[in-house]
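A look at the structure
In case you want the letters, here they are:
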Amino acid sequence: MIGTQQQSYTNLNSIHAENGISTSIVDDDDADYTTSSSKPWTDKVAVLANNSQTFQSLSLKERLGLVEELIEHVQCLGDERSYWNDMAVLKLGPFVSNEDDDTSNAKFSSHVKNFMGMNKFAMIALVVTSLKSIKENLEYQINEQSGSRRNIIPTLLRNVKMENIGGKPMNIHGPVELFPMFHKMEIWADANVDVRRGGIEDQESNMESVPLGRDQGNDVALVLGAGNQSFITILDCLQCLFYHPRKPVLIKHHPLRPYLHALCSELFAPLIQRGFLDQIQDGGLEETQAILGHSNIGHVHVTGALTTARAIEDKLKETRSELSEEQIQNMVTSELGCATPWIIVPGKYSSRELKMAAKHIVTGKKMNSGCNCLCSQVVILPHDWEQKDEFKKILVEKIQKIPTDPLYYPGSFDRMEKMIEKYEPNKIRQITSHNVDRKIHGDDSDFVPTYVVDCGLYGRDGFNDYALKNEAFGPLLALVELPGGSNNEQYLMDSAVPFVNNKENVYGSLSCSIVYPKKYDMEIIKGATAELNYGCVAWNTWSFYGYFGIAYGGGWGGSKNDSTGQSGKGLIGNYFLVPQIQKTIVYSRALTFPLVVDKTFIPPKFIMDFASKVFLRKRYFTDFVRKMIK
């Protein structure tokens, strides 16, 4: 059904696998991404290993000094070349070489320029705020150790209350304001720990450690860069450097994003100069396997697919026969996939509430052409809900109205085609909308319509759950109905929550959203949230804001109660070391509140550039603003 579109990617798919550990690609013959020493990766690992013990032995004050130096280097995030190349990866414009100073007049449409400005702001806001949060926690630890009476307790550790939610005692940390997203975030954690010990490193960090039974003094952490978002690689590095496993880092950049080498060379310069971080371009599957087999690689972090994470563990096992299965698994942390569900709670919605709910879902589907681990994929509807048909109609209208991006990610066409082939033609609806404006040569074969798949009514004849049990990673939305819905109070706890918690029904446990009308009992929503086995639960909003919450100390990762490993293991974030995190909660002002990330209205580039400069030049400006809006 999408064979014509697939043809334009045939060559790319043949040399590039979606997991990012295959052969490298060159997208522009004129682009030069080699900005540092071309010495072999073995030499780089040797230098990092030689400095590993020194790095692991750094005091809190020395680590704080490194973070402060990194903050002084964030100005490099304002260089637009990386963001133009982000647009090129998304097939929205041409690649720009490192020597090209004339980026502002490159052949980009107004829409792409505005989107680039938003992309740039997201990178800067995430990285700058993350560094600031890491700095704040180190300062707190230093003052706590010294017994300083002037110690300022971070908000997530100071604003804590114990609540009994659905019969489960929880420590509720927060809320904190996610500036400038107009959302709030809470962390829900087990109540059987002393919250006063949060932020201290002898408590649970972001991954429990299993001793390897050998000297780890020369270990190096390998970060396999993500292919779908540039900021992920940087945040992953900060995690491995300052939290778990807190070892020197070797970055292997994803073959889609080789240009990040230059950006990371500037941002991480204080670490590179000291031999605490280095980086390499993708050298192909054979080279990656050789790196994994190197005796000094003691930890691997990957953002990608479950098959990739398992292949990594298999390679580690093959080259480390002396280690147990548990020890091998503990060497790998990962952030993997999810068929992200949206649970629609039955109730009486206003017309605007229905429209905004649909807009949230479709925005989450269409952003980045659906190639995000948190993109909308599964819409769960109550079969007996009176407004079900009206909502379906509005959902289609929003898909038609919100513009379509090119499907750029290698392997996505094949994945989509395989998924569509599992359904009868009368269960699939192909919905087109206008394509985003771009100024590059070629046809529009990489613009793919959104496919809406009707999975049917759960438990009835004809029910087909393939689109629920596999991640689409592309523009496909699955609709599924659950029995019931006439009794609003029982539906969530008796039907929706058990359905999505069962990983034989819905793939992954990274994040989900609950949609409910204004006049709804929040105790029911809280009770359902406590039972949901997802790492992030978004109330009346898209879980993207939960990922943004990483910068403010939120945790991001699969549910601790999910033993399948489908969404990975370990946490990204938790910069304030909140003990025993269960999940991160995010919510906006109201379901009817305008979308902050909105594909139908992207602020002009000059506005986003100004906002980026505020973060870069006035890095503590956010403190003042957050106090003003509380």
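Residues numbered from 1 in each chain as written. Predicted model: local features only at pLDDT ≥ 70, side-chain atom pairs only at ≥ 80, totals over all residues. Heavy atoms only, no water.

**Side note on the packing of aromatic side chains**
- Throughout the structure, instances matching the rule amount to 20 aromatic pairs.
- Judged by centre distance (5.4 Å) and plane angle (35°), the rings of Tyr243 and Tyr575 are tilted. Pair noted here: Tyr243 is in the loop between α9 (230–242) and β5 (249–252) and Tyr575 is in the loop between β18 (572–573) and β19 (581–588), with a separation of 332 residues, a long-range link.
- A relative accessible area of 0% means that Tyr575 is categorised as buried.
- Seen from their ring centres, Tyr458 and Phe499 are 4.8 Å apart, and the 70° between their planes marks the pair as edge-to-face. Linking Tyr458 in the loop between β12 (450–457) and α18 (466–469) with Phe499 in helix α19 (residues 488–501), this pair joins segments that are 41 residues apart in sequence. (Phe/Tyr/Trp six-rings, centres within 6.5 Å; stacked < 30°, edge-to-face > 60°. Helix = DSSP H or I, 4+ residues; strand = E, 2+ residues; numbered from the N terminus. Buried < 20%, exposed > 50% of the residue type's maximum accessible area, 1.4 Å probe, protein only.)

**Section: the sheet that holds strand β11 (residues 428–431)**
- The sheet built from 11 strands is open, its strands ordered β1-β2-β3-β19-β15-β14-β9-β10-β13-β12-β11 with mixed pairing. The open sheet has two edge strands with one neighbour each: β1 (160–165) and β11. The mean inter-strand angle of the sheet, taken between neighbouring strand axes irrespective of direction, is 25°.
- By the bridge criterion, 4 bridges tie β11 to β12 in an arrangement that is antiparallel. Residue pairing across strands places Ile431 opposite Thr450, the latter belonging to β12.
- Packed on one face of the sheet, helix α16 (residues 388–401) meets β9 (340–344), β10 (376–382), β11, β12 and β13 (476–482) and runs near 175° to β13.
- The strands that helix α17 (residues 412–420) touches are β11, β12 and β13; relative to β13, the one it contacts most, it runs at about 35°. (Pairing = 2+ DSSP bridges. Axes fitted to C-alpha atoms, helices over the stretch in contact; angles between N-to-C directions. Contact = heavy atoms within 4.5 Å.)

**Observations regarding the nonpolar core**
- Leu77, Phe268 and Phe391 are the most contacted members of the largest nonpolar core, which totals 202 residues.
- For this core, the element with the most residues is helix α7 (residues 110–146), which contributes 16 residues.
- If we ignore the near neighbours within four places in the chain, the residues touching Leu77 are Tyr83, Lys120, Met123, Ile124, Val127, Leu263, Leu267 and Leu616. (Core = buried A, V, L, I, M, F, W, Y, C linked by side-chain atoms within 4.5 Å.)

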